[in-house]
Each structure stands twice: as C-alpha cells, then as structure tokens.
Amino acid sequence: MAPKVSPSSSSPPLSSMHCPLVLILTLPRNRRRLATTLLHLRSHTPLTDILVVHGFDGNLAAQQHNVPPLSIDAFEAMPSLRSQNVKVYRGWPVTDDIQAARVVGSSTNTTSPENAWLQYESRFIKLWNADRLRYADFHCRRLTAGDVGCGIAHARAWDIAAAQPEGRPTIILEDDVALLPGFGDAVTSELAALALAEARWHLIHIHSSKYARRRERPFDTPENYRGSLYVAEHRKLLDAYCVSQSGARILASSGYLSHLFPVDDFIPALYSEHPRLDVMDLPCVRRARDAGFVALTFGDDDALQQGVASNRMVGSDSNRAHLIAGDFGVELGGEDCADAVTRVGHADKISKLPETCIVNIHGASLSPACAAAAAESLKRHSFVVLRLPSDGAVLANPLLHSIVDTEALWTQFFASDDDDGSIKRSCIGRGGRAGEHNELMCHGCGWTKQRLREQYHIVCGAWPAEDATSSSSPYVMPSRAVSEASRVFADCMRDVAIQIVSAITPEAVEQLPPLESDASVLDAFHYFNDSSKSANLTNMSAHTDPGLLTMTSTSFVAGLEVQDASTGAWIPVEALCSPMFDVVVFAADVLGSYGVPVCAHRVTMPTPGKESGERVSVVYELRVS
Ligand SMILES: O=C(O)CCC(=O)C(=O)O
Ligand SMILES: [Fe+2]
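Conventions and cut-offs
- Residues numbered from 1 in each chain as written.
- Chains lettered and ligands numbered in written order.
- Predicted model: local features only at pLDDT ≥ 70, side-chain atom pairs only at ≥ 80, totals over all residues.
- Heavy atoms only, no water.
- Near = heavy atom within 4 Å.
- Polar contact = N/O pair within 3.5 Å; in protein donor to acceptor, adjacent residues only side chain to side chain.
- Areas by Shrake-Rupley, 256 points an atom, 1.4 Å probe, with all protein chains shown as cover.
- Helix = DSSP H or I, 4+ residues; strand = E, 2+ residues; numbered from the N terminus.
- Nonpolar A, V, L, I, M, F, W, Y, C, P; charged D, E, K, R; others polar.
- Phe/Tyr/Trp six-rings, centres within 6.5 Å; stacked < 30°, edge-to-face > 60°.
- Lys NZ or Arg CZ within 6 Å of the ring centre and 35° of its normal.
- Pairing = 2+ DSSP bridges.
- Contact = heavy atoms within 4.5 Å.
- Axes fitted to C-alpha atoms, helices over the stretch in contact; angles between N-to-C directions.
- Donors = N, O, S within 2.8 Å, 3.2 Å for Na, K, Ca; no water.
- Buried < 20%, exposed > 50% of the residue type's maximum accessible area, 1.4 Å probe, protein only.
- pLDDT = per-residue confidence, 0-100.
- Left-handed = near helix turned anticlockwise from the far one by under 90°.

The protein chain goes by Fe2OG dioxygenase domain-containing protein in an unreviewed UniProt entry, where it is assigned to Pycnococcus provasolii.

Encoded structure:
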C-alpha cells in the first residue's frame, strides 16, 4: 500500500538556520506527481517549508501562441519569454559543418567539413566510454520548447534560493523524481555535516546520472568534514539537487537566461569539463566558473544503499521525450486522468469531468463567489469538485496541509501492527453515548474491520482525547498526531461545508447543533481492494448519505463514483481528480428537502488484473443530528 510513515530519526539535528527550503518544480497538469512528493515529504521527513513553483509550460505556450516548429525567434517573442528577457543560445543545435567546426574550436576555413566532424566525434570518444556514445545524441540534441520551460523553471528556483537567508540551503526537486524512504535522513545529515565543518560548497547532486569516466573522489575539505559526499564529475539530470544560498546566488546572477540552453548541460559545465568549447566559453558559464563553483554529489552506490531517490521510470517526462528533451514533456491533457480512467472502468464511459462541476479555489479559504459556484454545481449535478491551489506555499493552505497529514497518518495507522493487531484492537470503540458532555450516540465508533475494508469512525461532538482511556470515552485515538491532523481536517471541511450550505439555504445552517453535540462524522477507510474476495467488484454499493453535505479528499487509488443528477450518468469522479488537490463534495439527504438533488455514490473495486492498490479515504459528513 501507499508509503509507510517512518519516524525520521537518525540524522544529526540541523539548526533552524540550516534547515532547507524545499522547492518542487512542476506544471499544473502534474498534480498527481506533486501530491506523491508532498505525501512523501510529510510522511518521511521533518521538512515542512515547502514551496511549489510552476514551471513554464513551453509546449502549451507554443501551442497557444501558434509558434511554428523550430522557430526560435517566434518562440522568444511570446510575451512570457519576452517579459523575462529570455534569449535562447543560438549556437546550441549542432546541425551543420560550420557549427561542428566551431564547437571543436576551429573554422571550416582551416578544417575540411569531414575533419570537423571527425574531430567532433573523437572529442566525445575521448571524454566518454564507447558505451556512452548515445550521449553524443543527447548532447547534440536540438533545443526544444520543453528545454526552455525547464531552464526557466530552474532559474526561478535559483532566484528564490538566492533570496533565502545566508547559509540556508534549498533542495530543488523536479516532479518526476521518486523520493525513497532514505531521502530525508540522507540529505539532512549531509547538510548538517557540511554546516558543522563550515565547508565551502555550492551544489549537491542528490539524484543524477554520471557521464564522466573518471571516478569521483570523496570530498575532503576542510579536514573536519565527516560527511560522505563526493566531488562531482560531469553529471546530468537535475531530478533532485541542493544549492547553498551562495551557490544559488552564483547561478541566479550568471546570466543563464540570456543564453538559455539545456539546464542539465549548463550545470556540469560550471564545475567539470564540458566537451563543447563554445559552451565553456559562454559568459554565464565563465562567470560561474570564475567564482570557483563547487559541486558535490551523493556517490552512486551510497545513493542506492540509502534509497535516496530515483527517476520515475514510468511516467517520467525525460523518458518520454517527445517534442521536449528535458523534463515536463508529457503530451497535453496530463497523465493523471488517462491512467486513472483505464484503472477503474466501471462507470459510464466518461473521461472528463463536466467543466461546470469544477470550482477552482484561490487562496486558503473559500470566497463567497466559490461558495456560490459550488452551490450551483450541487443544484445541477448533485456534486462539485473543489480544486485546491497547487503552487506557492501549498502547505500554508490549512485544508491542503491537513489533507496531506491525515492521508499520511491514517495510511500509517492502517499499515501498523499487521502481526498481533494490538494497536488497532486498542482503538475499538466501546459504543454507547458520548459521556458526560452530551448525549451523542457513538455506536460503531473507533476501529472496526469488515470483509472488504477497515474503518475508523469519529463522531465530531464526542472527539476523544488521543489517549482517552477513561470509561466515559467511547473510543481511543491511535495517536496525538492522528487526532490533531484529523481535527484540523474536520474543522476545515466543516467551515467549507457550512459556507456552501449557506449559499444554498441559510436556514439549514441554523439547524446545526452546537459544537459539543456536533453529530457530524469523520471516517477514515482502508479498502483492501482484493478483487478475488468480491464477485461484484463493489466496495460500497450505491447509496446516499444522511447529513447535509459529504466531503472527501481524493485518494491515490480511485474508487469513488457519483451519479450526475443532470444526466443520470455515473461518473468515476475520483479517477478524474488529482489526489489530495481535489475535494469531492456531494449533497446528502437533508439538502434534498431544500430542493437540491441528493447525490447517489458508490465505491468500486479495481478491475481484476488491472494495476491498483489499497485505497485509503478520509470522509467528512456534515450532519444535523
Ligand atoms: O470511501 C469513500 O470515499 C466514500 C465512503 C462513503 O460513501 C461513506 O462513508 O458513506
Ligand atoms: Fe457515502
């Protein structure tokens, strides 16, 4: 099932000054990857200062502005590039004799064209093993829209990193890097070792591909350095790397955007030999080299042993280079939806959510206009998808932060103690009433397990202390962390739900009981999705919910389907959503008495044989009694 949460422990503490900023470079269409990275960071690392930077979607922009293929002039003239003064380095594509001669440092006046190409090839062969000959293609690649987008995104990241307080490093992640459980500990402990030794460094390759033939030597200055990094030789791919604040300043002031070429050729040119003399001679390269750019790297073996990071082989843009040779190169439309639809395949053949059922949320809370739009969608479709912002300091959005944390913590709970089950058994509810405070009935609260799923049920007005052992408490929370994150989740969901209901009928809101007898519920589900155990491929058959409104953050493994009241069609809503960034809201029975169509919904099981996984889902229901 989804990543297990392991307490981050072994690394030496980093002072708050040295605690890195994490920057994730992504595109709006890659929300699924972003969600995976966020979940990893919250589950496995103590890193909380996370900033998401949307790259420039070179392909999309070129399409929107009707830029003809291979027209660098037209490409540069697009407003988004012109406003940033981006100039593509015209010498990059090596396509003819003159350029081949220029690259090897001679001219066709003194060298015959064949000679120029021979010299060009022999230069590669000298620098790299024969088995690296493919590198010649990669190296000679034409600059593409994606390369430009990728270069601009990295340059944005350097600007942000350079603006951090002195001494504060920044970890830069492309969204197609797959972080492994050792990532947080490995990176923070190396940063602590560098800080302790007051070492001078500018960049650390965390995950990259080594192209140089030479062995890398262990980094050893100053003498008191106790870390395990190496001095980098020529490395390509910038899936995951770290820059010091001084390194970022060098990169940000190099003038790279005035001679833009593939960023993963730019970086190695700063600290190792680039085979192309013209590249070595570019002002942006010379400036950074003159500053004495120091690049370090995780050793390849170490990185493997520690399980730090890898490239997402499936779905990596780099591996699907189409038009684009750098990252961010998937075809338009996004991988999220297409993959997910083929996974479920139960509902009617609907491959796109109706536009009218999506409400984009800007900022941390719901604006009156968004609440009104959500209300309209509920009246028309019986459901609405709230799309949370996926750029900037995403965790500053309390709802998104609580979604990431509740998902991580409930996943950890459900993955816990498979052997004797004692943790889970200690969370079985006692049933009965909520105790002294109120008269809420708490049957079915706490942890229960059935054939197809296990579940933790909370009645909000009777929220137990995480260690509630008194007999008056109807059930026990698994931990303080689960309780706190879920509480924030329920509070955020309640706020949003009340705003939406108010936009439909303020009268219904007046019926809500006081918080201490709040009958609303929060359910965390873990569906086993073992299709061999169920003949009809259903995890929960079609039903409506009893309260006013039900809200659920969307899971990585799709299952939830809703019936669109405007057409009667079943929509595999979750498969068409981005996990964690989309919240599905549907009208429940009580809203029906106010003229809103009540949403029938069901939870399917993945088709046998299709790639799937276990599904964790956290659901909030706003109830009146
Ligand atoms: O698992 C889900 O996403 C939905 C569960 C559900 O419909 C319910 O709890 O009533
Ligand atoms: Fe339901």
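From this point on, the discussion continues.
## Concerning the site of ligand 1
Neighbouring residues of ligand 1: Phe-525, Tyr-527, Met-540, His-543, Asp-545, His-601, Val-603, Arg-615, Ser-617, Val-619 and Glu-621. Within the side chain of His-543, one N or O atom sits 3.1 Å away from an oxygen atom of ligand 1. Summarising the interface, the protein chains cover 95% of the accessible area of ligand 1, which totals 290 Å² for the free molecule. For the shell around ligand 1, the secondary-structure elements that each account for two or more residues are β14 (521-527), β15 (538-543), β20 (601-604) and β21 (615-622). Element by element, the count of residues in the shell around ligand 1 is highest for β21, at four residues. When its residues are assigned to classes, the shell around ligand 1 shows five nonpolar, three polar and three charged.

## Concerning the packing of aromatic side chains
A complete count under the given rule lists 14 aromatic pairs for this structure. Positioned over the ring face of Trp-570 is Arg-602, at 4.0 Å from the centre of the ring.

## Observations regarding the sheet that holds strand β3 (residues 170-174)
Ordered in space as β2-β1-β3-β7-β5-β8-β6, the seven strands form an open sheet in which the pairing is mixed. The open sheet has two edge strands, β2 (50-54) and β6 (230-231), and neither has a second partner. Helix α1 (residues 31-44) rests against β1 (21-26), β2 and β3 of the sheet, and its axis sits at about 165 degrees to β1.

## Description of the sheet that holds strand β17 (residues 560-563)
Where strands meet in a sheet, backbone hydrogen bonds hold them as pairs that are either parallel or antiparallel. An order of β15-β20-β17-β18 is seen for the four strands of this open sheet, with the pairing classed as antiparallel. Of all strands in the sheet, those bounded by a partner on one side alone are β15 and β18 (570-571). In this sheet, β20 lies alongside β17 in antiparallel orientation, the contact comprising three bridges. Residue pairing across strands places Val-562 opposite His-601, the latter belonging to β20.

## Considerations on the coordination of the iron ion (ligand 2)
His-543 (NE2), Asp-545 (OD) and His-601 (NE2) make up the full set of protein donors to the iron ion (ligand 2), lying at 2.1 to 2.2 Å. Between consecutive donor residues of the iron ion (ligand 2), the sequence gaps follow H-x1-D-x55-H. Taken as a pair, His-543 in strand β15 and His-601 in strand β20 lie far apart in primary sequence, 58 residues in all.

## A few points about the pairing of β20
Two strands pair when backbone bridges link them, and β15 and β20 are joined in this way by three bridges, in the antiparallel orientation. The partner of Thr-538 across the bridge, within β20, is Thr-604.

## With respect to the environment of Ile-250
With respect to the helices and strands, the residue Ile-250 is situated in helix α10 (residues 245-252). On the accessibility criterion, Ile-250 (15% relative accessible area) is buried. Along the backbone, Ile-250 and Ala-291 are 41 residues apart, and their C-alpha atoms lie at a distance of 7.5 Å. Every residue in contact with Ile-250, bar those within four places of it in the chain, is listed here: His-202, Ala-288, Ala-291 and Phe-293.

## Looking at the confidence of the model for the protein chain
With 84% of its residues at a pLDDT of at least 70, the protein chain reaches an overall mean of 83. The weakest mean pLDDT in the protein chain belongs to helix α15 (residues 335-344) at 31; the strongest belongs to α10 at 98. Note on residues 1-11: pLDDT under 50 across the span, and 27 contacts to partners over four residues away in sequence or across chains. Segment residues 314-345 is flagged for pLDDT under 50; beyond a separation of four residues in sequence, or across chains, it makes 85 contacts in the model.

## A short note on the packing of α1 against helix α17 (residues 398-415)
It is the contact of α1 with α17, at a shortest axis distance of 9 Å, that shows an interaxial angle of 65 degrees. By crossing handedness, the relation of α1 to α17 is classed as right-handed. Within the contact between the two elements, α1 uses Leu-38, Leu-39, Arg-42 and Ser-43 and α17 uses His-401, Val-404, Asp-405, Glu-407 and Ala-408. Classifying every residue of the contact of α1 with α17 gives four nonpolar, two polar and three charged.

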